[in-house]
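# Residue-level structural notes
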Amino acid sequence: MPKQTILGVNIDHVATIRQARGTVYPSLLEAVDAVEKTAAQAITIHLREDRRHIQDKDVPEVIARTNKRVNLELAATDEMVQLTCNNKPHDCCIVPEKREELTTEGGLDVIGQYDRIAKATDTLSAANIRVSLFIEPDLEHILKAYDMGAPVIELHTGAYAHHPDDSEAANQEFEKLELATEFANSLGLQVNAGHGLHYTNTQRVAQIDDIVELNIGHAIVARALFVGLEQAVNEMLTIIGNS
Ligand code: PXP
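The present account deals with the structure reproduced in this document. Bear in mind the structure is a predicted one, so any value in this text is a computation, not a measurement. (Residues numbered from 1 in each chain as written. Predicted model: local features only at pLDDT ≥ 70, side-chain atom pairs only at ≥ 80, totals over all residues. Heavy atoms only, no water.)

### Let's talk about the overall build of the protein
For the protein, the helix and strand inventory stands at 11 helices and eight strands. Here the C-alpha radius of gyration of the protein, 17 Å, is about what a compact globule of 243 residues would show, namely 18 Å. Taken over the C-alpha atoms alone, the protein extends approximately 45 × 40 × 35 Å along its principal axes. Looking at the protein residue by residue over its 243 residues, the buried ones come to 51%. Long-range contacts, defined here as pairs at least 24 residues apart, represent 66% of the contacts in the protein between residues at least 6 apart. In the structure as shown, the protein presents an accessible area of about 11,100 Å², 52% of it carried by carbon and sulfur atoms. (Helix = DSSP H or I, 4+ residues; strand = E, 2+ residues; numbered from the N terminus. Rg over C-alpha atoms; globule rule 2.2 N^0.38 Å. Buried < 20%, exposed > 50% of the residue type's maximum accessible area, 1.4 Å probe, protein only. Contact = heavy atoms within 4.5 Å. Areas by Shrake-Rupley, 256 points an atom, 1.4 Å probe, with all protein chains shown as cover.)

So this is what it looks like as structure tokens:
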């Protein structure tokens, strides 16, 4: 049977448009309903410290609205860990956050910030929330993530996605993703991936044998402007061989 890669649809940027004008539309819950009609297995949202898109009240509303797994991305701060424990999503992904960044640039500093991230991982795991750590495809970082006891890592695909499709630089970054996936899998970690993936650079990542799940947001919401969210998700599902 061909490989079935799980798709987590990140709907943050529906909230970005809403927050840009402080309106109640576009409705995040309408976005959830559109994703619900597809075979995507998860919905991802990121409650950022600066609340630039997802708001606190969105988190319980999204969880209550969907039958799919909800993956909440969070920074490893006491406030965010507490909020995540209170909301009890199925999954969470600890990500680095810098206030001035456009989006999550780079993976977690699992070496320099080991204690802080390990503490957050322990607290979230104790609340029965499956923890994923968003890291660069780097073997040393994978080992540190493994030491922290998180069952899942999400490999940052930004360096790969940043380069033109099939360029030498993209191919080199792709090889790092393949190597990192194989290594993490050999340690027994579930390997997810995401960031910067779009309609022409995702297929080869989805085809890496041991990549279980891809989290994709910006490209899907952008495509939804022209074809609607349900179709945009379905097109991505076809690309990753899950339709
Ligand atoms: N995975 C993680 C951990 C992220 O922080 C993001 C961006 O919020 C994504 C995946 C999705 O990235 P993009 O919006 O570029 O598809």
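### Regarding the site of the ligand
As a structural note, the neighbourhood of the ligand is formed by 14 residues, with Glu 73, Glu 154, Gly 196, Gly 217 and His 218 the closest of them. Contact between the ligand and Asn 10: an oxygen atom at 3.4 Å from a side-chain N or O atom of the residue. Considering the ligand on its own, with 400 Å² of exposed area, one finds that the protein chains cover 94% of that surface. Looking at the shell around the ligand residue by residue, the classes come out as three nonpolar, eight polar and three charged. (Near = heavy atom within 4 Å. Polar contact = N/O pair within 3.5 Å; in protein donor to acceptor, adjacent residues only side chain to side chain. Nonpolar A, V, L, I, M, F, W, Y, C, P; charged D, E, K, R; others polar.)

### What to know about the pattern of salt bridges
As enumerated under the stated definition, the model contains 15 salt bridges in all. Across the salt bridge formed by Asp 50 and Arg 48, the nearest N and O atoms sit 3.9 Å from each other. Under the relative-accessibility criterion, Asp 50 is labelled partly exposed at 28%. With relative accessibility at 3%, the residue Arg 48 sits in the buried group. We note a salt bridge from Lys 119 to Asp 78, for which the minimum N-O separation is 3.5 Å. Of this pair, Lys 119 sits in helix H5 (residues 114-126) while Asp 78 sits in helix H4 (residues 78-87), and the two are 41 residues apart along the sequence. Like Lys 119, the residue Asp 78 is exposed in the burial classification. (Salt bridge = Lys/Arg side-chain N within 4 Å of Asp/Glu carboxyl O.)

### Quick look at helix H3 (residues 58-65)
Those residues of H3 lying buried are Asp 58, Val 59 and Val 62. One face of H3 carries all of its buried residues, which in axial projection span an arc of 100 degrees. Contact partners of the buried residues in H3: helix H1 (12-21), helix H2 (28-36), strand S2 (42-46), strand S3 (69-74) and H4. (Arc of directions from axis to C-beta.)

### Here's the deal with the state of the cysteines
For the structure on display, the rule yields zero disulfides. With no disulfide of its own, Cys 93 lies 7.5 Å from the sulfur of Cys 92, the closest cysteine sulfur. (Disulfide = S-S within 2.5 Å.)

### Some thoughts on a negative patch on the surface
Taken together, the side chains of Glu 168, Glu 175, Glu 178, Glu 182, Asp 209 and Asp 210 define an acidic patch exposed on the protein surface. As for its placement among the helices and strands, Glu 182 is situated in helix H8 (residues 168-186). A relative accessible area of 55% means that Glu 182 is categorised as exposed. (Patch = residues over 30% accessible without salt bridge, like charges linked within 9 Å, V, L, I, M, F, W, Y side chains within 5 Å. Lys, Arg positive; Asp, Glu negative; His and termini not counted. Charge placed at Lys NZ, Arg CZ, Asp CG, Glu CD.)

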